[in-house]
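Residues per chain are reported as follows:
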Amino acid sequence: KERFLLGSAAEAEGASDVQAPVAHEDDFEAAYLGWEIARCASDAATAESRALAALAAACIDALHAGSTRIPLDDARLAAALTSVGAADTIDSARSLVLQARRGEGPGASVMGLPGQRKPLVLDGEWLSTERMHRLEERLCDAIRARLSAPPSPDARRLNRAITAVAGGPPSLTDEQKRALKAALGSRLALISGGPGTGKTTIVVALVRALAWTGVPMEAIAIAAPTGKAAHRLEDAIAKGLASGPRDIADAGLRASAPVPQTLHRLLAWSPTRGRFGRHENDPLPHRVVIVDEASMIDLAMMERLVRAMPREARLVLL
């Protein structure tokens, strides 16, 4: 891994029989992109190039561990560099970061402050790739806009809808009623809970309550990150609706309830074009979007989803 990622001492001396240890493909991706970024600093010495490649590789390696950035304090930076086989670059890396903050040194051509559009972004005591930093900024801006929107003015109508579906079956707990009210009355709701806490029950209740308030079923989208999760949710919704009241309204709901789909299908992903068909210039046509297993969604997909949401639509994340 170290030989592939940052070049071993034997390779530097010209040895041709050094065997590279087997490494995970994520290591190769981090190594390749790390060196591509380091190559942009054409005035860097060999040791500085290794340190730049290590910093970039550590940022990319962190993505595979679920983090969008790496810390720059000594202990955690050393750990991040060690994870990519470059523990010996810590001193050079620290020096490059300090110089880049002042816009100096060979690292300044690839590291900069937010807004300078460099491959690596120094934001306080953190280092990230420019792409991840920009995605976080756009997602945060979109979430802030949704959170600042006023709640639904028709509180009485919402309360009547909640009362109409709260009796079940199954009947909702007080906590589930509060979650349902948040999902119905705001443009962004996050409903969390472990297995067996009744999240799917809330989805069924939410669909019934939306139907009760007059929202057509074609204006509701239900999605999940994977096909397996979407099918599991579809079965759960079907069972939930089947156990509901046997009146004409619920019979019609069972026949026309929205079918869960993957996020890629919802956002009209095209493998041949390599892009999504739904975005801010061609947003989703739905008034309500419900997404299950939201903890599985990575930053890029979540930003895509929020960007494709109509301004007035409600987003419910479970």
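Conventions we followed
Residues numbered from 1 in each chain as written. Predicted model: local features only at pLDDT ≥ 70, side-chain atom pairs only at ≥ 80, totals over all residues. Heavy atoms only, no water. Helix = DSSP H or I, 4+ residues; strand = E, 2+ residues; numbered from the N terminus. Buried < 20%, exposed > 50% of the residue type's maximum accessible area, 1.4 Å probe, protein only. 1 Å grid on protein atoms, 1.4 Å probe; cavity = no way out; pocket = protein on both sides within 12 Å on 5 of 7 lines; lining within 4 Å. Points joined across faces, edges and corners; volume = space filled by probe spheres on them. Nonpolar A, V, L, I, M, F, W, Y, C, P; charged D, E, K, R; others polar. Phe/Tyr/Trp six-rings, centres within 6.5 Å; stacked < 30°, edge-to-face > 60°. Lys NZ or Arg CZ within 6 Å of the ring centre and 35° of its normal. Pairing = 2+ DSSP bridges. Salt bridge = Lys/Arg side-chain N within 4 Å of Asp/Glu carboxyl O. Contact = heavy atoms within 4.5 Å. Expected span 1.5 Å × (residues − 1). Arc of directions from axis to C-beta.

A. Broad picture of unusual backbone geometry. One non-glycine residue, alanine 268, lies in the positive phi region at around 55°. Structurally, alanine 268 can be placed in the loop between helix H13 (263–266) and strand E8 (269–270). Classification of alanine 268 as partly exposed rests on a relative accessible area of 35%.

B. The layout of surface pockets, seen in detail. Estimates place the volume of the largest pocket at around 370 Å³. Considering the residues around the largest pocket, the lining is formed by 21 residues, among which Lys199, Thr200, Asp292, Glu293 and Leu318 are closest to the centre. Those elements giving two or more residues to the lining of the largest pocket turn out to be helix H10 (199–212) and helix H11 (227–242). With four residues, helix H7 (residues 130–147) is the single largest residue contributor to the lining of the second largest pocket. For the lining of the second largest pocket, the residue count by class is five nonpolar, no polar and six charged.

C. Looking closely at the packing of aromatic side chains. According to the stated counting rule, one finds one aromatic pair in the structure shown. Ring geometry for tryptophan 269 and phenylalanine 276: centres 4.8 Å apart, planes at 55°, overall tilted. The exposure class of phenylalanine 276 is buried, given its relative accessible area of 11%. The side chain of arginine 69 reaches across the aromatic face of tryptophan 126, ending 4.2 Å from its centre.

D. Highlighting the sheet that holds strand E6 (residues 220–224). Ordered in space as E5-E11-E10-E6-E7, the five strands form an open sheet in which the pairing is parallel. Of all strands in the sheet, those with a lone pairing partner are strand E5 (188–190) and strand E7 (261–262), marking the two edges. The sheet contact formed by E6 and strand E10 (residues 288–291) spans four bridges and is parallel. Looking across to E10, one finds that isoleucine 222 is bridged to isoleucine 290.

E. The pattern of salt bridges, seen in detail. Following the criterion strictly, the structure yields 15 salt bridges and no others. With its nearest N and O atoms 3.1 Å apart, the salt bridge here joins aspartate 91 to arginine 94. Taken together, the positions of aspartate 91 and arginine 94, both in helix H6 (residues 90–101) and three residues apart, correspond to about one turn of that helix. A residue is classified by how much of its surface remains accessible, and arginine 94, at 28% relative accessible area, is partly exposed. The partner of glutamate 137 in a salt bridge is arginine 134, and the shortest N-O contact between them spans 3.3 Å. With a gap of three residues between them, glutamate 137 and arginine 134 both fall in helix H7, about one helical turn apart. With a relative accessible area of 35%, arginine 134 lands in the partly exposed category. A single network of salt bridges, built from pairs that share partners, joins Arg138, Glu280, Glu303 and Arg307.

F. Looking closely at the environment of serine 128. Checked against the element boundaries, serine 128 lands in strand E4 (residues 126–129). Taking the relative accessible area as the measure of exposure, serine 128 reaches 5% and is therefore buried. For the pair formed by serine 128 and arginine 69, sequence separation is 59 residues and the distance between their alpha carbons is 4.4 Å. Aside from chain neighbours lying at most four places away, what touches serine 128 is Cys59, Thr68, Arg69, Pro119, Leu120, Val121 and His133.

G. View of H11. With 16 residues, H11 extends 22 Å between its outermost C-alpha atoms, agreeing within 8% with the 22 Å of an ideal straight helix rising 1.5 Å per residue. Inspection of H11 places Ala229, Ala230, Leu233, Ile237, Gly240 and Leu241 among the buried residues, and these make up the whole buried set. Buried residues along H11 cover an arc of 95° about the axis, so they all sit on one side. When the buried face of H11 is taken as reference, the exposed residues oriented beyond 90 degrees from it are Lys228, His231 and Lys239.

H. Quick peek at the pairing of E4. When strand E1 (residues 70–71) meets E4, the two strands line up antiparallel, connected through two bridges. If you follow isoleucine 70 over to E4, its bridge partner there is leucine 127. Pairing between strand E3 (residues 120–123) and E4: four bridges, direction antiparallel. Residue pairing in the sheet places leucine 120 in a bridge with threonine 129 of E4. Once E3 ends, the chain turns through two residues before running back antiparallel as E4, passing glycine 124 with a positive phi of about 65°.

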